[in-house]
Amino acid sequence: MKKILAIGLALFVSMTAIAADKKDAKPEMDQATMQKMVQASIQKFKINDDVSVEDAIDSMMLRANNLNFKLVADLPLSEQVKAMGEKANYMRILAFCDALIAKKMVEHDIIFAGFLPCRIAVLKDSKGQGWIVTMNMDMMVKGVSLPKDLQPLALKVRDTIYSIVDAGVNGDL
């Protein structure tokens, strides 16, 4: 009898835990919703036809420097692919950051670490058109609740990244 009660109690506890897990679980999203979310989270900008990708990058680096945003990473991915023996369209990832703002944002909410550093991809598509691709910065600014002291810092990051992108698109050396 004790064994039956023990088995019954264990079964009850297990079923209660499973039910609690299901109650607290986040609802699954369908693929169409997830695709819309991904599309909304990324922005792409066509580089002006009279601007080379090299000039776009030089312009972005100059703008970032003028705005006191540090280039913290430069990843020439297409060069890496070529070094591995395959052909690749031009693709280079630049990462910019204001370390003091980053520190404050992550201290507020660790989720911001996933946004760091701010990445801007520069690439050529299969037709040779240059593009700049980056995160939709408004999602970072408006996607979480920020205290009043961090709101201007988030806006500064957004505006700075968009200014850097704009310099690249237009070749503003």
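We now examine the overall build of the protein chain. A tally of regular secondary structure across the protein chain gives 7 helices and 5 strands. Burial analysis of the protein chain (173 residues in total) assigns 27% to the buried set. Summarising the internal contacts of the protein chain: among those between residues at least 6 apart in sequence, 69% fall at separations of at least 24. A total accessible area of about 11,700 Å² is found for the protein chain, and carbon and sulfur atoms account for 60% of it.

Right, let's talk about unusual backbone geometry for a bit. In this model, Leu116 is joined to Pro117 through a cis peptide bond whose omega is -25°. On the secondary structure map, Pro117 appears in the loop between α5 (99–108) and β4 (118–124). In this model, Asn68 sits at a positive phi of 60°, which is unusual for a non-glycine residue. Topologically, Asn68 is positioned in the loop between α3 (53–66) and β2 (70–75). For Asn68, a relative accessible area of 64% translates into the label exposed.

For the pair α3 and helix α7 (residues 151–170), the least separation of the axes is 7 Å and the interaxial angle reads 145°. Seen from above, α3 lies across α7 with right-handed handedness. Residues Ala56, Ser59, Met60, Arg63 and Ala64 of α3 touch α7, and the partners they reach there are Ser163, Ile164, Val165, Ala167 and Gly168. Along the lines of polarity and charge, the residues of the contact of α3 with α7 split into 6 nonpolar, 3 polar and 1 charged.

Time to look at the packing of aromatic side chains. Under the definition given, this model contains 1 aromatic pair. Between Phe112 and Phe115 the ring centres are 6.0 Å apart and the planes differ by 45°, which places this aromatic pair in the tilted class. Look at Phe112 and you get buried, because its relative accessible area is 2%. For Phe115, a relative accessible area of 26% corresponds to the partly exposed category. Looking at Lys44, its charged tip hangs above the ring of Trp131, at a distance of 5.7 Å from the centre.

Nonpolar side chains collect at one region of the surface, where Met29, Met34 and Met37 lie side by side and expose about 280 Å² of accessible area between them. Using a relative accessible area of 43% as the deciding quantity, one classes Met29 as partly exposed.

Moving on, we come to the packing of α5 against α7. It is at 10 Å that the axes of α5 and α7 come closest, and there the two elements cross at 130°. The angle between α5 and α7 falls in the class oblique. In this structure, the crossing between α5 and α7 has a hand that is left-handed. On the side of α5, the interface is formed by Ile101, Lys104 and Met105, while α7 contributes Leu153, Ala154, Lys156 and Val157. A per-class count over the contact of α5 with α7 returns 5 nonpolar, no polar and 2 charged.

Attention now moves to the sheet that holds β2. Pairing in this open sheet of 5 strands is antiparallel, and the strands run β1-β5-β4-β3-β2 from one edge to the other. Of all strands in the sheet, those with a lone pairing partner are β1 (42–46) and β2, marking the two edges. Strand-to-strand twist of the sheet, defined as the mean angle between neighbouring strand axes without regard to direction, takes the value 20°. When β1 meets strand β5 (residues 130–135), the two strands line up antiparallel, connected through 5 bridges. In the sheet register, Ile42 faces β5, and the bridge partner there is Met135. Across the face of the sheet, α3 comes into contact with β2, β3 (91–97), β4 and β5 while running at roughly 5° to β3.

Look at α3: 20 Å from first C-alpha to last across 14 residues, which is about the 20 Å you get at 1.5 Å a residue. What α3 keeps buried is the set Val53, Ala56, Ile57, Ser59, Met60 and Ala64. Axial view of α3: buried residues confined to an arc of 160°, hence all on one face. Exposed residues pointing more than 90 degrees away from the buried face of α3 are listed as Asn65 and Asn66. Buried residues along α3 sit in contact with β3, β4, β5 and α7.

Rules of the game
Residues numbered from 1 in each chain as written. Predicted model: local features only at pLDDT ≥ 70, side-chain atom pairs only at ≥ 80, totals over all residues. Heavy atoms only, no water. Helix = DSSP H or I, 4+ residues; strand = E, 2+ residues; numbered from the N terminus. Buried < 20%, exposed > 50% of the residue type's maximum accessible area, 1.4 Å probe, protein only. Contact = heavy atoms within 4.5 Å. Areas by Shrake-Rupley, 256 points an atom, 1.4 Å probe, with all protein chains shown as cover. Axes fitted to C-alpha atoms, helices over the stretch in contact; angles between N-to-C directions. Left-handed = near helix turned anticlockwise from the far one by under 90°. Nonpolar A, V, L, I, M, F, W, Y, C, P; charged D, E, K, R; others polar. Phe/Tyr/Trp six-rings, centres within 6.5 Å; stacked < 30°, edge-to-face > 60°. Lys NZ or Arg CZ within 6 Å of the ring centre and 35° of its normal. Patch = residues over 30% accessible without salt bridge, like charges linked within 9 Å, V, L, I, M, F, W, Y side chains within 5 Å. Salt bridge = Lys/Arg side-chain N within 4 Å of Asp/Glu carboxyl O. Parallel < 35°, antiparallel > 145°, perpendicular 65-115°, else oblique. Pairing = 2+ DSSP bridges. Expected span 1.5 Å × (residues − 1). Arc of directions from axis to C-beta.

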